[in-house]
Amino acid sequence: LVAAINSKSPEPRKALLHPKSLPCTSGEAGAFYDQIVTRQARRPVPADYKWKITPIPADQPLMFADQFDYPIRPTHLLQLDFQTEPRRSTTMIFQLVHDANQWREVTPCPKPETIAAARAAKDARAKHAEKVQALAASTPTPLREAVVRLFKEGRRVEAFTATELADADKP
């Protein structure tokens, strides 16, 4: 699984899926699946990761069952923990099924309303990015350069203050 994540491609992950989960990786659900796999692959999992596997009690409700349909019930959760920076860590949770003496990843199928909500959130992020671009384009060059420099230096409070001071100078 770690090698599949680090490959940064959905195909090695699909090879690890339980066959009943494969329909959840095509069509509209496929775009959703590819987005999740791509997001999980943003940071490579280092060699010194820690893992833990936990059984899911048969009577325990499944995660996000209100947003997803499960083609097969997962039997275990796999947790991967690793450091991404000296003071930052990441935890990834995967649903697995132990079936026919094999471990397989389970991916649920997003319900139509889940796909619609994800699409709406993506559109909202795109509109926000457009507003940010327009604001950046309208910011005087010296102020924009100063704010970028302060951010790169890790001086975010000063960068924010610089933009507040510039706004206060406007009529």
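Each remark here, short or long, concerns the structure printed above.
A quick note: this is a predicted structure, and the numbers were derived from the prediction, not measured.

Engineer: Go over the pattern of salt bridges, please, and point to the residues and values.
Structural biologist: For the structure on display, the rule yields 7 salt bridges. With its nearest N and O atoms 3.8 Å apart, the salt bridge here joins Asp69 to Lys111. Of this pair, Asp69 sits in strand β2 (residues 68-69) while Lys111 sits in the loop between β6 (109-110) and α4 (112-138), and the two are 42 residues apart along the sequence. Between Glu158 and Arg155 there is a salt bridge, with its nearest N and O atoms 2.4 Å apart. Overlapping salt bridges, with partners in common, bring together Arg149, Glu153, Arg155 and Glu158 in one network.

Engineer: I'd like a description of a positive patch on the surface, backed by residues and values.
Structural biologist: On the surface, Arg39, Arg42, Arg43, Arg88, Lys122, Arg125 and Arg156 cluster together to form a positively charged patch. Structurally, Arg125 can be placed in helix α4. Given the relative accessible area of 47%, Arg125 is considered partly exposed.

Engineer: Requested: an account of the pairing of strand β4 (residues 88-99), with residues and values cited.
Structural biologist: Pairing of strand β3 (residues 76-85) with β4, which is carried by 9 bridges, proceeds in the antiparallel orientation. Residue pairing for β4: Glu85 is matched across the bridge by Arg88. In sequence, β3 turns back onto β4 through a hairpin of 2 residues. In this structure, the hairpin formed by β4 and strand β5 (residues 102-105) is closed by a connection of 2 residues, where Ala100 is found at a positive phi of approximately 55°.

Engineer: Before we move on, can you summarise helix α3 (residues 27-40) with the specific residues and values?
Structural biologist: An ideal rise of 1.5 Å per residue puts 20 Å on 14 residues; α3 measures up with 20 Å between its terminal C-alpha atoms. Listing the buried residues of α3 in full gives Ala29, Gly30, Phe32, Tyr33 and Val37. Across the axial projection of α3, the buried residues extend over an arc of 160°, all falling on one side. In α3, the exposed residues that point more than 90 degrees away from the buried face are Glu28 and Ala31. In the core, the buried residues of α3 are packed alongside α2 (10-14), β2, β6 and α4.

Engineer: So what's going on with the sheet that holds β3? Residues and values would help.
Structural biologist: With respect to topology, 4 strands assemble into an open sheet ordered β1-β3-β4-β5, the strand pairing being antiparallel. At either margin of the open sheet sits one strand with a lone partner, and together these are β1 (50-55) and β5. For this sheet the average axis-to-axis angle between neighbouring strands, irrespective of direction, equals 35°. Pairing analysis gives 4 bridges linking β4 to β5, with the strands arranged antiparallel. Across the sheet, Val97 pairs through a bridge with Arg104, a residue of β5.

What counts, and where the lines are drawn
- Residues numbered from 1 in each chain as written.
- Predicted model: local features only at pLDDT ≥ 70, side-chain atom pairs only at ≥ 80, totals over all residues.
- Heavy atoms only, no water.
- Salt bridge = Lys/Arg side-chain N within 4 Å of Asp/Glu carboxyl O.
- Helix = DSSP H or I, 4+ residues; strand = E, 2+ residues; numbered from the N terminus.
- Patch = residues over 30% accessible without salt bridge, like charges linked within 9 Å, V, L, I, M, F, W, Y side chains within 5 Å.
- Areas by Shrake-Rupley, 256 points an atom, 1.4 Å probe, with all protein chains shown as cover.
- Lys, Arg positive; Asp, Glu negative; His and termini not counted.
- Charge placed at Lys NZ, Arg CZ, Asp CG, Glu CD.
- Buried < 20%, exposed > 50% of the residue type's maximum accessible area, 1.4 Å probe, protein only.
- Pairing = 2+ DSSP bridges.
- Expected span 1.5 Å × (residues − 1).
- Arc of directions from axis to C-beta.
- Contact = heavy atoms within 4.5 Å.
- Axes fitted to C-alpha atoms, helices over the stretch in contact; angles between N-to-C directions.

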